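A look at the structure
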Amino acid sequence: MTNEFLAFAPISALVPASPATGLLDEMMARVGVDGIVAALADPGLLALVDQHAAAVRDALESAGRDADADGLAGYARAIVAGARRMSRGLPEPGQAPDAPAEWKAADWHLLRLVAICMIAEENGVL
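Please read all numbers here as calculations on a predicted model, not as lab measurements.

1. Some points on unusual backbone geometry
- Even without being glycine, Ser87 reaches a positive phi, approximately 60°.
- Along the chain, the position of Ser87 falls in the loop between helix H4 (69-85) and helix H5 (100-104).
- Classification of Ser87 by relative accessible area gives exposed; the value is 67%.

Structural data, given as structure tokens:
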């Protein structure tokens with residue numbers, strides 16, 4: 001049965017290009033969008049996220065990895081795994097803090113994931 005009122009997106013728009021891109025999309029939905037918006041509204045928070053981004057770039061470079069989808073997704077997986085080992089969760093999509101003050105007080109792993117999302121956006125990975 002087909003509904004003539006539904007518009008269908010091309011299947012390529014619905015399926016991530018790779019598992020790495022899919023993971024980065026999920027991180028963007030969980031923390032990236034809200035964290036980046038909050039950082040752009042607060043210079044202090046932006047500086048904090050920039051420091052995390054610099055650490056991500058340094059870690060990837062030290063490991064001989066590129067800041068592409070695979071490198072960023074691998075780093076994000078490691079951060080998420082470490083957070084889970086410490087019983088720290090991730091917010092569901094749309095449930096992340098939205099105020100800069102909340103982000104400044106956020107757990108380290110959330111700020112690192114926001115930084116990963118920011119790098120992915122800057123590098124055109126997403």
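2. Here's the deal with the nonpolar core
- Leu24, Val49, Leu72, Trp103, Leu113 and Ile116 are the most contacted members of the largest nonpolar core, which has 36 residues in total.
- Sorting the residues of this core by element identifies helix H2 (19-41), helix H3 (43-62), H4 and helix H6 (108-122) as the ones contributing at least two each.
- Here the element with the most residues in this core is H6; it accounts for 10 residues.

3. Focus: the side chain of His109
- Position of His109 among the secondary structure elements: in helix H6.
- Of note is the side chain of His109, whose polar atom sits 3.1 Å from the backbone oxygen of Gly89.
- Other than its neighbours up to four places away in sequence, His109 contacts Ile79, Ala83, Arg88, Gly89 and Leu90.

4. Details of the pattern of salt bridges
- Taken as a whole and judged by the stated rule, the model has five salt bridges.
- Residues Arg30 and Glu92 are paired through a salt bridge, measuring 3.8 Å at the closest nitrogen-oxygen approach. Of this pair, Arg30 sits in helix H2 while Glu92 sits in the loop between H4 and H5, and the two are 62 residues apart along the sequence.
- The exposure class of Arg30 is buried, given its relative accessible area of 13%.
- For Arg57, the salt bridge goes to Glu122, with nearest N and O atoms at 2.8 Å. Within this pair, whereas Arg57 is found in helix H3, its partner Glu122 is found in helix H6, the two being separated by 65 residues in sequence.
- Exposure remark for Arg57: the relative accessible area of 36% places this residue in the partly exposed category.
- We classify Glu122 as partly exposed; its relative accessible area is 49%.

Quick notes on the rules
Residues numbered from 1 in each chain as written. Predicted model: local features only at pLDDT ≥ 70, side-chain atom pairs only at ≥ 80, totals over all residues. Heavy atoms only, no water. Helix = DSSP H or I, 4+ residues; strand = E, 2+ residues; numbered from the N terminus. Buried < 20%, exposed > 50% of the residue type's maximum accessible area, 1.4 Å probe, protein only. Core = buried A, V, L, I, M, F, W, Y, C linked by side-chain atoms within 4.5 Å. Polar contact = N/O pair within 3.5 Å; in protein donor to acceptor, adjacent residues only side chain to side chain. Contact = heavy atoms within 4.5 Å. Salt bridge = Lys/Arg side-chain N within 4 Å of Asp/Glu carboxyl O.

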